[in-house]
Amino acid sequence: MIPIAKAQEQFAPAGVYLNSATAGLLPTAAFDAVTAALAAARAGTAQAADYDAPLEQARAGFAAVAGVAVDRVAVGSQASGFVGLVAAALPDGAEVVVPEGEFTSVTFPFAAQGRLTVTEAPLAELAGAIGPSTAAVAVAAVQSADGTIADLPAIAAACRANNTLSVIDGTQAYGWYPLSAGEFDVTVCSGYKWLLAPRGTAFMTVRPEVAERLIPLSANWYAGADRWSSIYGLPLRLSDDARRFDLSPVWHSWVGAAPAMDLLTEVGVPALHQHAVGLARRFCAGVGLPEGDSAIVSVDLLPGGAEAVAAAGIVAAVRAGRLRLSFHLNNSEADVDTAVAALARFVAN
């Protein structure tokens, strides 16, 4: 394990970067690895098989973060593609429960089927909306708009009681929140936010008994049992574990994902969680808001607030009409204090 302060040497933001919920900062090791890989591609010295090792390194790192065996992890380029696999496997007329206002990459794959009944419920009441007729529930562990954490224990219990498939989007959770994939049937995650990887990386964890129900709709050479000897001709010979859902990788993105995942696992999820939530609480205390349990803080700004954010060199995002600040490994107490000094007068309490 390495301390937070040591890990922070891997980041070089131009200002106060409080926007990991949009896109995580690339650690120096990831940037250097991608740069070297691109140089090799430009020179024509790269070989396709060279990219296998960093991808498997990233897969193993994610398995450690998610708390599951590596043979339960599939890789792809977008989380929504994995959600679509689940949606396609449900029978006609199946009931799917989702939260109101959920990020559409979680809900659209089900709604786009045109043959499923997709029902919205308030996030706080989601577990209670799961009943014997509910085929699946799909929810983000941490809400993109405002950082609200779903009641995952209650949702997991309701799914077990009703034999309901649980599909959890961990895109805003993995990397700082202790989300245990083993509690759920399927989890998905895009890697370019809290996992600090380049865009074009995504993961899925799936229970073996659930994997048997999913058709690998994008079956391809990379999902082969032995990918370098099963690239031509029939019969079908896919991997017998979660790798059969792999998509042909965005090579250079995975080169960057490997050192990013190494950094996160070296720090450890408990330390990442304590650090991120501690900074978010420091900010809340500084601007007079109640302390929360999320690394994401969403605030209403009074007139002049947006200008104060820009003047202070703070990089954040506006989601659902509110300023969204996200605190991660790259951030320090000094970043928080800068944000407090800039925004304290403009936060609507």
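Residues numbered from 1 in each chain as written. Predicted model: local features only at pLDDT ≥ 70, side-chain atom pairs only at ≥ 80, totals over all residues. Heavy atoms only, no water.

Peer 1: Account for the overall build of the chain, naming residues and giving values.
Peer 2: Scanning the chain for helices and strands turns up 12 helices and 12 strands. The dimensions of the chain, computed from C-alpha atoms along their principal axes, are 65 × 55 × 35 Å. Within the chain, buried positions represent 52% of all 349 residues. Partitioning the contacts of the chain with sequence separation of at least 6, the portion at a separation of at least 24 is 70%. Summed over its atoms, the accessible surface of the chain is roughly 14,600 Å², and 56% of this surface lies on carbon and sulfur atoms. (Helix = DSSP H or I, 4+ residues; strand = E, 2+ residues; numbered from the N terminus. Buried < 20%, exposed > 50% of the residue type's maximum accessible area, 1.4 Å probe, protein only. Contact = heavy atoms within 4.5 Å. Areas by Shrake-Rupley, 256 points an atom, 1.4 Å probe, with all protein chains shown as cover.)

Peer 1: Break down the packing of aromatic side chains for me, citing the residues and quoting the values.
Peer 2: Applying the stated criterion to the full structure yields nine aromatic pairs. Look at Phe 203 and Trp 254: their rings are 5.3 Å apart centre to centre, the planes differ by 90°, and that puts the pair in the edge-to-face class. With Phe 203 in strand 8 (residues 202-206) and Trp 254 in helix 9 (residues 251-267), the pair connects residues that are 51 residues apart, well separated along the chain. Both residues of the pair, Phe 203 and Trp 254, count as buried. Seen in terms of ring centroids, Trp 221 and Trp 228 are 5.1 Å apart; in terms of plane orientation they differ by 55°. Their pairing is tilted. Accessibility expressed as a relative area gives 39% for Trp 228, which makes it partly exposed. Taken together through their ring pairs, the aromatic side chains of Phe 62, Tyr 174, Phe 203 and Trp 254 make up a single cluster. Sitting over the ring of Tyr 192, Arg 199 keeps its end group 4.6 Å from the ring centre. In this arrangement the basic side chain of Arg 227 is found over the ring face of Tyr 222, its NZ or CZ atom lying 3.8 Å from the centre. (Phe/Tyr/Trp six-rings, centres within 6.5 Å; stacked < 30°, edge-to-face > 60°. Lys NZ or Arg CZ within 6 Å of the ring centre and 35° of its normal.)

Peer 1: Provide a residue-level description of the packing of helix 4 (residues 79-89) against helix 5 (residues 104-111), including the pertinent values.
Peer 2: In the contact formed by helix 4 and helix 5, the axes pass within 8 Å of each other and the chain directions differ by 35°. Between helix 4 and helix 5 the crossing geometry is right-handed. Between helix 4, through Ser 80, Val 83, Gly 84, Val 86 and Ala 87, and helix 5, the contact on the second element is made entirely by Ser 105, Val 106, Pro 109 and Phe 110. In the contact of helix 4 with helix 5, the residues fall into six nonpolar, three polar and no charged. (Axes fitted to C-alpha atoms, helices over the stretch in contact; angles between N-to-C directions. Left-handed = near helix turned anticlockwise from the far one by under 90°. Nonpolar A, V, L, I, M, F, W, Y, C, P; charged D, E, K, R; others polar.)

Peer 1: I'd like to hear about the sheet that holds strand 11 (residues 317-319), residue by residue, with values.
Peer 2: The three strands lie next to each other as 9-12-11, forming an open sheet whose pairing is antiparallel. Here the strands that pair on one side only, and so sit at the sheet edges, are strand 9 (296-299) and strand 11. Sheet twist, expressed as the average angle between the axes of neighbouring strands with direction ignored, equals 35°. Pairing geometry for strand 11 and strand 12 (residues 322-326), over three bridges, is antiparallel. The partner of Val 318 across the bridge, within strand 12, is Leu 323. (Pairing = 2+ DSSP bridges.)

Peer 1: Talk me through unusual backbone geometry; I want residue IDs and the actual numbers.
Peer 2: Cis geometry is found at the peptide bond from Leu 234 to Pro 235, where omega equals 10°. If you trace the backbone, Pro 235 turns up in the loop between helix 8 (208-211) and helix 9. For Leu 196, which is not a glycine, the phi torsion comes out positive at approximately 65°. Tracing the backbone shows Leu 196 in the loop between strand 7 (186-190) and strand 8. Positive phi values are uncommon outside glycine, yet Ala 320 reaches one of about 55°. For Ala 320, a relative accessible area of 70% puts it in the exposed group.

Peer 1: For the sheet that holds strand 6 (residues 165-169), give the residues involved together with the corresponding values.
Peer 2: A sheet is described by the order of its strands in space; here seven strands give the open sequence 2-8-7-6-5-3-4, paired in mixed fashion. Only two strands of the sheet have a single partner each, and these edge strands are strand 2 (73-76) and strand 4 (117-121). Taken pair by pair, the neighbouring strands of this sheet meet at an average axis angle of 20°, ignoring direction. Direction of pairing for strand 6 relative to strand 7: parallel, over a ladder of three bridges. By the bridge assignment, Ile 168 is partnered in strand 7 with Thr 187. Running at roughly 160° to strand 7, helix 4 makes contact with strand 2, strand 6, strand 7 and strand 8 of the sheet. The strands touched by helix 5 are strand 3 (95-99), strand 4, strand 5 (134-140) and strand 6; relative to strand 5, the strand with the most contacts, the crossing angle is about 155°.

Peer 1: Describe in detail helix 7 (residues 152-162), supporting the description with residues and values.
Peer 2: Along helix 7, the residues classified as buried are Leu 152, Ile 155, Ala 156, Ala 158, Cys 159 and Asn 162. Looking straight down helix 7, one finds that the buried residues subtend no more than 165° of arc, so they occupy a single side. Opposite the buried face of helix 7, at more than 90 degrees from it, the exposed residues are Pro 153, Arg 160 and Ala 161. Summarising the contacts, the buried residues of helix 7 are in contact with helix 6 (126-129), strand 5 and strand 6. Remark: Asn 163 follows helix 7 within two positions and exhibits a positive phi of approximately 55°. (Arc of directions from axis to C-beta.)

All we've got here are geometric facts, nothing functional implied.
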